[in-house]
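Read off the chains here:
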Amino acid sequence: MHFCNRHLSPLQRRAVQSLGACLGLTAGCSMVARDVFEQHHPSTTVIYLLAALTTLPVVGIVTIVGRYLARETDEFVRVMVVQSILWGLGITFVVDTFLGSLWPYPELFKLIPILNIDLFCVSVGFAIRIQMWRNR
Amino acid sequence: MKNRLRVLRAERGWSQADLATRLEVSRQSVNAIETGRFDPSLPLAFKLARIFETTIEAIFNEELAPK
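Our subject in this report is the structure included herewith.

Points about the overall build of chain B
Secondary structure assignment for chain B yields five helices and two strands. Over its C-alpha atoms chain B spans a radius of gyration of 11 Å, differing by no more than 12% from the 11 Å that the globule rule assigns to 67 residues. The C-alpha extent of chain B, read off along each of the three principal axes, is 40 × 25 × 20 Å. By residue count, 42% of the 67 residues in chain B fall in the buried class. The contacts of chain B with a sequence gap of at least 6 include a subset with a gap of at least 24, amounting to 54%. About 4,100 Å² of surface is accessible on chain B, with carbon and sulfur atoms providing 53% of the total. Taking the 11 positively charged and 9 negatively charged side chains of chain B as two groups, their mean positions are separated by 4 Å.

Pasting the structure below:
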């Protein structure tokens, strides 16, 4: 049981593949919702429904991570993943706070809106990489 | 926590990967335990003791706080 790309356990491989699919769905749902909001000016009910729809992949990601942690038998890997999740949360909060503080200044805020969950997952991925390197 | 894992492993000529296979954990786990970066749970400590046919106390030594 190793924790690197070439030697993922079946459990880890399934979790990574499911997370990738959910990330793609998150981005897809958000783009579709944004397109509908901007192009079709839907009713309030549809707006709420679409907004709720975009949260489903996020619920999926949380569920996948939770199930993975519950089934991972290697306690060190479990601790490493939990620590990486904390790093991911921290980075997401910092970036969110920074971008949030720029919100009143649209002339400065020309960044592509960042999906929190995508930023979170990428941060967690980097944190896991760093921890793997530290414990190589 | 200090431990004698590296010594015990070397005495048997096992690599970290060999011990990891016996423990059913990742090699990184063995490395982290050996270097003291990670303290194993009680079940894993018992498993280590069983594999090395010794006691937990013979593997792990409580580090004395500096005076």
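Things to note about the packing of aromatic side chains
In this structure the tally under the stated criterion is two aromatic pairs over all chains. Residues Phe76(A) and Phe38(B) carry aromatic rings whose centres are separated by 5.2 Å and whose planes lie at 65 degrees to one another, so their mutual orientation is edge-to-face. One end of the pair, Phe76(A), is in helix 3 (residues 75-102); the other, Phe38(B), is in the loop between helix 3 (27-34) and helix 4 (42-51), on a second chain. A relative accessible area of 6% places Phe76(A) in the buried class. Against the face of Trp14(B) rests Arg12(B), its NZ or CZ located 6.0 Å from the ring centre.

Rules used in this analysis
- Residues numbered from 1 in each chain as written.
- Chains lettered and ligands numbered in written order.
- Predicted model: local features only at pLDDT ≥ 70, side-chain atom pairs only at ≥ 80, totals over all residues.
- Heavy atoms only, no water.
- Helix = DSSP H or I, 4+ residues; strand = E, 2+ residues; numbered from the N terminus.
- Rg over C-alpha atoms; globule rule 2.2 N^0.38 Å.
- Buried < 20%, exposed > 50% of the residue type's maximum accessible area, 1.4 Å probe, protein only.
- Contact = heavy atoms within 4.5 Å.
- Areas by Shrake-Rupley, 256 points an atom, 1.4 Å probe, with all protein chains shown as cover.
- Lys, Arg positive; Asp, Glu negative; His and termini not counted.
- Charge placed at Lys NZ, Arg CZ, Asp CG, Glu CD.
- Phe/Tyr/Trp six-rings, centres within 6.5 Å; stacked < 30°, edge-to-face > 60°.
- Lys NZ or Arg CZ within 6 Å of the ring centre and 35° of its normal.

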